[in-house]
Amino acid sequence: MRSIASALLVAISLFLGSTFSAPFVHAAKKPHYGGVLRVELRASNVSLDPRTWKPGSLSFGADEKLASLLFDRLVELDNYGHFQPMLATEWSHDAALKRWQFVLRSNVKFSDGSLLSVGDVVSSLQPLLPDSQQISSSGSNVIIQSSSPIPDLLEELSSGRYFIYRVQPGNSLIGTGPFVVAESVVNSSSANASSSSSDSVAKSNRLRFIANEDCWAGRPFLNQIDVTLGLPPLRQLLDLQLGRADLIELSPELVRRATQENLRVWSSSPTTLYFLKFDDSQPVSSDAKLRQVFSLSLDRSTMAGVLLQKQAEPASALLPQWLSGYAFLFTMETNLERAKELRAALPLNLTASGDPLRLRVETSGDLAKLLGDRVAINVRQAGVMLQVSGRVQRRTAENFSATNSSDSPVGLHLIGWRYSSLSPRLELEMLSSALARVDASPSSLSGSDLDSSYSAEHKLLEEQRILPLIALPEFVGISSNVRDWMPSRWGAWHLADVWLDTPENASEKSINNPVSQQQSVVPGAKP
Amino acid sequence: MKCKKSLFPKSLRLAKDAPRGALSFFIFHPLAAGNAFLVSAFTICRSSGRILHLRSVLLLRIVPVYNCQTNFSSSVLSRTILYSFFLFTVIFSSASRLFADASDDAVRSLAKKVLSVSQRERKCFLSWENHSSLSEDSSQLLRESFVEAFGSDTLTLTQNASTPVLRISIEETVSQIVLTARVPSGAEEQVRLATFPRTTLPAATGLSEKLRLEKTLLWQQREPVVAAIERDNNDGNESVLLVLGKEALSLYHVRNGAAELYDTKRIPVAEKPSRDFRGDLRFSADRPSIAVLTLDSKVCDMEIGQKLTLNCQDKSEKPRALNVLLDSNCNHMPWILRSDSGDRSVADRLLLRSSSQSKTDPSAAELEMPGPVLALSSDRTIFNATAVVFNLASGAYEVYRISLACGN
């Protein structure tokens, strides 16, 4: 009877424990420590310094993914909508939501062994926070104060650039994350440059991250992550098929092929928006009817369904539904007949010089060029001649709308915008601020609630100076031996929780990983 | 049993540290070893509206001093049940209350915003839609709160062409539940929004409390079953069951839980035997009496009556994935039922998710199966699914009816 009672108690305890820890328990296999995860990325260079990242730039995603191996944030949003304590263990705010207080986790060490202090948090976030938010310290607490309510501060701090780091002499950064940079290698140079800091990796073709044995959240399962940069999509797919890579970035046109070949493919929620922006410095863009012709002639469904083989979504809003919750309220009508009627009422030559209108593709990559060509085809059907050109030099999102005086006039820009914040307010502020460089778009929202975000977005879209085209998710090809792949739907990979199911791991565990029994029982334990 | 050592001082220390406005819970439950207590302290902070932030969880192993010998088994059993009940009551009732507070605030705020819209139509028809993971019951509770706050005299019960429609929609973002209101205002619509945190949803209970997967054994045999499908005959008393083996297809009629064989037909055999033989059964979407059998390189149509008549053609179609659509009588929402696709030496679970949930989201309901799920199918009514399972304990191939049940 006693044994039955004990067994029952164990069962109940386990059940209760599982109720509050993880909804899914992998009963088949236990996580292994060890192994090298081979990652291949399209980006030819990355920056691991959050201070240098430009909001909206397409490189933001890769930069953030790799930086999250080195750095932690104060809080993190999980897939169930819960904010999880990271470097901050507690937080509170005043009734007006203007003053937030964070209690720092104690005994957290940087990768060089030094202790994390509130001063580090303040100096990390100071250059990253918007001007309206001031950060200071009080004892072991960090205070963020704002002149207006910031109900979404946790969303803000759990995404984007808001990592905690320490600047070392020489301007290199160190973090408290699960990995440290062991080496960066420049392929193009005969003399390989090696570095252990994160500042000099921007031009590297290969990066090697090794496990941070003393990570506060527990040593990651993987011994090492090898990242190869600048590989074309097809080469990445081949490497995955041949077992030369474990994790690759799949381009949308290869997703169907990868799926048909039974490769593991993961897709995020839409993370990148492609849109058209009329250049307000050009007189032609002031014609509301012309803008309406463009809006009515754009066939977004074909762009998403045919051009991108159903791997993208037609976009009617600037922010995606998963971020704002109100994107469905915006609709973009396609009506070619009406567009033709409106075009017929316009002058034959839209530009004063009689030249065709010019669309400049501001974002690098074949996809943006394809979309530009499709836009030209769509508007041509309505009777508008559009010449597509690409940028000679890649521009960042920050200055995409600035017109170089040496360039010939451009009527429209095609822009790719990578979402980087989990706060709809902040994302919209960053986007409108980037757009506001040449026109009078609102650079800040009138309030901090969702109504203000909606109003601002509505205002940005109603004049049709900005025309959303498609929203594109991220696609990842994953080798079959990658386990506990639990990314966020907004694209965070969480590689510290990933483990490799390979036979070598069993032997490596005893040789390379002197991890305690407790660690193996609670793998990747988080607070 | 009487214990000398008090556990409360430690617990009280935690309570003292908790911020103002926090709710702290201390749960004592006996450790399985029988000589210690596990003390779990939960502090639930109402921080920034993120209500269910678990501030501290303390697990203490305290060895109590007993001054009496007791019958461990019976006392521990009763205590276990009591403590477990207490834990569930405390946690879930608190979560529900916090959810009610947060959502009610949001609904009232939305009603206030809608009422403040200038040139608002005085009387309108309320259209209420839920596109979030909120359960339909919770959604209806919110609707009632909204009507109460809005004033039922300004709403009409019937919709006609002349009645403007006030559209309320519940949406979900990564961190928030968003209530959107499209308010008729003259010839236009005004949009008003209100939010409350997703975290206030009772953990994984918004859906699963009211939905339950049930399985009913329909058939079992030693010979391999590749696929099976059941179709209700609409009279509720009898159903037709098709069972595909490696060599034959059998037609059964199921009455009162007993299956009776009506007909068996040999199926076209592939030239090369395969260890991974696959087949798929489904009912024709447009002709209810026609079933379609898909084999490796053949597709067969068959008329379902007292006998089976197969009409096969050479055609290559890929077998479907192990997931099917399932409808619920509880809330008339479409659900996706899939197995968790373990390897064939491991028992699977059937997982239920709404079409809006991602694969990483917790499932709304789960059902343990006695072995790997080899095939899943659903008939045209999609109120039931049929699962083929290899029973790891008995070594038999079993066919189950899987249905969604309402209530607890």
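Every chain is numbered on its own, with residues counted from 1 as its sequence reads. Written order determines the labels here, with chains lettered from A and ligands numbered from 1. A pLDDT threshold of at least 70 governs which residues receive local features in this predicted model, and a stricter bar of 80 or more applies before side-chain atom pairs are shown or counted, although totals over entire chains, interfaces and linings include all residues. As a rule here, side-chain values cover all heavy atoms of the structure and leave hydrogens and water aside.

Chemist: Could you clarify how one ought to interpret the overall build of chain B in this entry?
Modeler: Each helix corresponds to a stretch of at least 4 residues labelled H or I by DSSP, and each strand to a stretch of at least 2 residues labelled E; elements are numbered beginning at the N terminus. On a plain count of helices and strands, chain B comes out with 4 helices and 24 strands. Three labels apply to residues, based on accessible area from a 1.4 Å probe with only protein chains included: buried if under 20% of the type maximum, exposed if over 50%, partly exposed otherwise in between. Counting across all 408 residues of chain B, residues that qualify as buried make up 49%. Partitioning the intrachain contacts of chain B with sequence separation of at least 6 by distance along the chain shows that 52% fall at a separation of at least 24. We call two residues in contact whenever any of their non-hydrogen atoms come within 4.5 Å of each other.

Chemist: Please clarify how the overall build of chain A should be interpreted in this entry.
Modeler: Helix and strand content of chain A: 15 helices and 23 strands. Classification of the 527 residues of chain A by burial places 55% in the buried group. When contacts within chain A are restricted to residue pairs at least 6 apart in sequence, long-range pairs at least 24 apart make up 71% of them. The method behind every accessible area is Shrake-Rupley, applied with a 1.4 Å probe, and residues are considered shielded solely by the protein chains displayed. Counting every atom, chain A has about 21,600 Å² of accessible surface; 51% of that belongs to carbon and sulfur.

Chemist: How do you make sense of the sheet that holds strand β7 (residues 141-146) of chain A when you look at a structure like this?
Modeler: Residues and elements named next belong to chain A. Paired strands are those between which DSSP finds at least two bridges. Here 4 strands make up an open sheet; going across it, the order is β4-β5-β7-β6 and the pairing antiparallel. Every interior strand has two partners, whereas the edge strands, β4 (88-93) and β6 (133-138), have only one. Mean inter-strand twist for the sheet, computed between neighbouring axes without regard to direction, equals 20 degrees. As judged from the 5 bridges shared by strand β5 (residues 99-104) and β7, these two strands associate in the antiparallel manner. Counted as the bridge partner of Phe102 is Val142 from β7. Every axis corresponds to a line fitted to the C-alpha atoms, with the helix fit spanning only the stretch in contact, and the corresponding angles, defined between N-to-C directions, vary from 0 to 180 degrees.

Chemist: Whenever I open this one, the state of the cysteines confuses me. Can you help?
Modeler: Cysteine pairs can be linked by a disulfide, which is a covalent bond between their two sulfur atoms. Residues and elements named next belong to chain B. Working definition: a disulfide is two cysteine sulfur atoms within 2.5 Å of each other. Scanning the model with the defined rule gives 1 disulfide over all chains in all. Each sulfur of the disulfide joining Cys300 and Cys312 lies 2.0 Å from the other. Across the S-S bond of Cys300 and Cys312 the torsion is about 105 degrees, and the bridge reads as right-handed. With Cys300 in strand β16 (residues 298-304) and Cys312 in strand β17 (residues 308-314), the pair connects residues that are 12 residues apart, well separated along the chain. A relative accessible area of 28% places Cys312 in the partly exposed class.

Chemist: Got a minute to help me understand the side chain of A:Asp49 in this structure?
Modeler: Residue position: A:Asp49 is located in the loop between β1 (36-40) and α2 (60-70). Under the rule applied, a polar contact is a pair of N or O atoms within 3.5 Å (in protein, one hydrogen donor and one hydrogen acceptor; residues adjacent in sequence only if both atoms are side-chain atoms). A distance of 2.8 Å separates the side chain of A:Asp49 from the side chain of A:Arg51, its partner in a polar contact.

Chemist: Looking at this structure, I do not really get the pattern of salt bridges. What am I missing?
Modeler: Where side chains of opposite charge bring their charged atoms close, a pairing between them can arise. Residues and elements named next belong to chain A. Salt bridge, as used here, is a side-chain nitrogen of Lys or Arg placed within 4 Å of a carboxyl oxygen of Asp or Glu. In this structure the tally under the stated criterion is 32 salt bridges over all chains. Arg38 serves as the salt-bridge partner of Asp246, at 2.9 Å between the closest nitrogen and oxygen. Within this pair, whereas Asp246 is found in the loop between α5 (233-241) and β13 (247-250), its partner Arg38 is found in strand β1, the two being separated by 208 residues in sequence. Classification of Arg38 by relative accessible area gives partly exposed; the value is 30%. Salt-bridge contacts for Arg166 lead to Asp120; the nearest nitrogen and oxygen are separated by 2.8 Å. Linking Arg166 in strand β8 (residues 166-167) with Asp120 in helix α3 (residues 118-125), this pair joins segments that are 46 residues apart in sequence.

Chemist: How do you make sense of the packing of helix α12 (residues 424-435) of chain A against helix α13 (residues 450-462) of chain A when you look at a structure like this?
Modeler: Packed helices, taken two at a time, are described by their axes: the angle between them and the distance between them. Residue and element names in this part refer to chain A. Close contact between α12 and α13 brings their axes to 10 Å; oriented N to C, the two are set at 30 degrees. As the angle between them shows, α12 and α13 are arranged roughly parallel. Relative to α13, the crossing made by α12 is left-handed. Residue-level contacts link Pro424, Arg425, Leu428, Ser432 and Leu435 of α12 to Leu450, Ser453, Ala456, Glu457 and Leu460 of α13. For classification purposes, angles smaller than 35 degrees are called roughly parallel, those larger than 145 roughly antiparallel, those between 65 and 115 roughly perpendicular, and all remaining angles oblique. For a crossing to be left-handed, the near helix must be turned anticlockwise from the far one by less than a right angle; the clockwise case is right-handed.

Chemist: Would you explain the environment of A:Gln311 in this entry?
Modeler: Residue and element names in this part refer to chain A. Along the chain, the position of Gln311 falls in the loop between α8 (300-307) and β16 (313-314). In sequence terms Gln311 and Leu472 are 161 residues apart; their C-alpha atoms lie 7.2 Å from each other. Discounting chain neighbours no more than four positions away, the residues touching Gln311 are Pro252, Val255, Arg256, Ala304, Leu472, Pro473 and Phe475.

Chemist: For this particular structure, what's the right way to read the environment of A:Ile164?
Modeler: Here A:Ile164 lies in the loop between α4 (153-157) and β8. Those residues in contact with A:Ile164 that lie beyond four places of it in its chain are A:Phe71, A:Asp72, A:Arg73, A:Leu74, A:Leu87, A:Leu116, A:Asp120, A:Val121, A:Ser124, A:Leu125 and A:Gly175.

Chemist: Even after reading the chapter, I still don't get the sheet that holds strand β12 (residues 248-255) of chain B, so can you show me in this structure?
Modeler: Note on sheets: strands pair through backbone hydrogen bonds, and any given pair is parallel or antiparallel. Residue and element names in this part refer to chain B. Spatial ordering of the open sheet is given by β10-β11-β12-β13, a layout of 4 strands whose pairing is antiparallel. Pairing within the sheet leaves two strands with one partner each, and these edge strands are β10 (225-232) and β13 (258-266). For this sheet, the mean inter-axis angle between neighbouring strands, taken without regard to orientation, is 20 degrees.

Chemist: Would you take a moment to explain helix α7 (residues 288-297) of chain A for this structure?
Modeler: For an α-helix, the turn length of 3.6 residues means that residues three or four places apart are oriented alike. Residues and elements named next belong to chain A. The buried count for α7 comes to 7 of 10 residues, which makes it a mostly enclosed element. Residues of α7 that are buried: Leu290, Arg291, Val293, Phe294, Ser295, Leu296 and Ser297. N-capping of α7 is provided by Asp287, with a side-chain oxygen placed 2.9 Å from the backbone N of Lys289.

Chemist: Just checking my understanding: could you explain the nonpolar core for this structure?
Modeler: Across soluble globular proteins, nonpolar side chains have a tendency to be buried as a group. A:Leu74, A:Phe102, A:Leu157, A:Phe209, A:Ile225 and A:Trp485 are the most contacted members of the largest nonpolar core, which totals 102 residues. Beyond its immediate stretch of four places on either side in the chain, A:Phe102 contacts A:Leu74, A:Ala88, A:Glu90, A:Trp91, A:Ser140, A:Asn141, A:Val142, A:Ile144, A:Leu153, A:Leu154 and A:Leu157. Nonpolar cores are built from buried Ala, Val, Leu, Ile, Met, Phe, Trp, Tyr and Cys residues. Side-chain atoms within 4.5 Å join them into one set.

Chemist: Sorry if this is basic, but what is going on with helix α10 (residues 336-344) of chain A here?
Modeler: Residue and element names in this part refer to chain A. Of the residues making up α10, those classed as buried are Ala339, Leu342 and Arg343. Down the axis of α10, the buried side of the element spans an arc of 100 degrees, and every buried residue falls inside it. Those residues of α10 that are exposed and angled more than 90 degrees off the buried face are Glu337, Glu341 and Ala344. Buried residues along α10 sit against α7. As used here, the arc is the angular range of directions from the helix axis to the C-beta atoms.

Chemist: Teacher, can you tell me more about the side chain of A:Ser421 here?
Modeler: All names here are of chain A. Note that Ser421 resides in the loop between β19 (412-418) and α12. In terms of polar contacts, Ser421 uses its side chain to reach the backbone amide nitrogen of Ser423, at 3.0 Å. In contact with Ser421, other than residues within four places in its own chain, are Glu156, Ser159, Leu323, Leu426, Glu427 and Met430.

Chemist: What is the right way to look at the confidence of the model for chain A in this model?
Modeler: Any residue range with low pLDDT should be treated as having predicted coordinates unsuitable for detailed reading. Residue and element names in this part refer to chain A. What pLDDT reports is the predictor's confidence in each residue, on a scale of 0 through 100. Mean pLDDT for chain A: 82, with 79% of residues reaching 70 or above. Per-residue pLDDT stays below 50 along residues 188-197; that stretch engages in 16 contacts with residues further than four places along the chain or on separate chains. The model gives residues 394-406 a pLDDT under 50, and that stretch makes 35 contacts with residues more than four places away or in other chains.

Chemist: What is the right way to read unusual backbone geometry from this model?
Modeler: Peptide bonds are mostly trans, and most non-glycine residues show a negative phi. Residues and elements named next belong to chain A. Of note in this structure, Asn107 is not a glycine but carries a positive phi near 60 degrees. Looking at the element boundaries, Asn107 is found in the loop between β5 and α3. Positive phi values are uncommon outside glycine, yet His494 reaches one of about 55 degrees. Mapped onto the elements, His494 comes out in the loop between β22 (482-483) and β23 (499-500).

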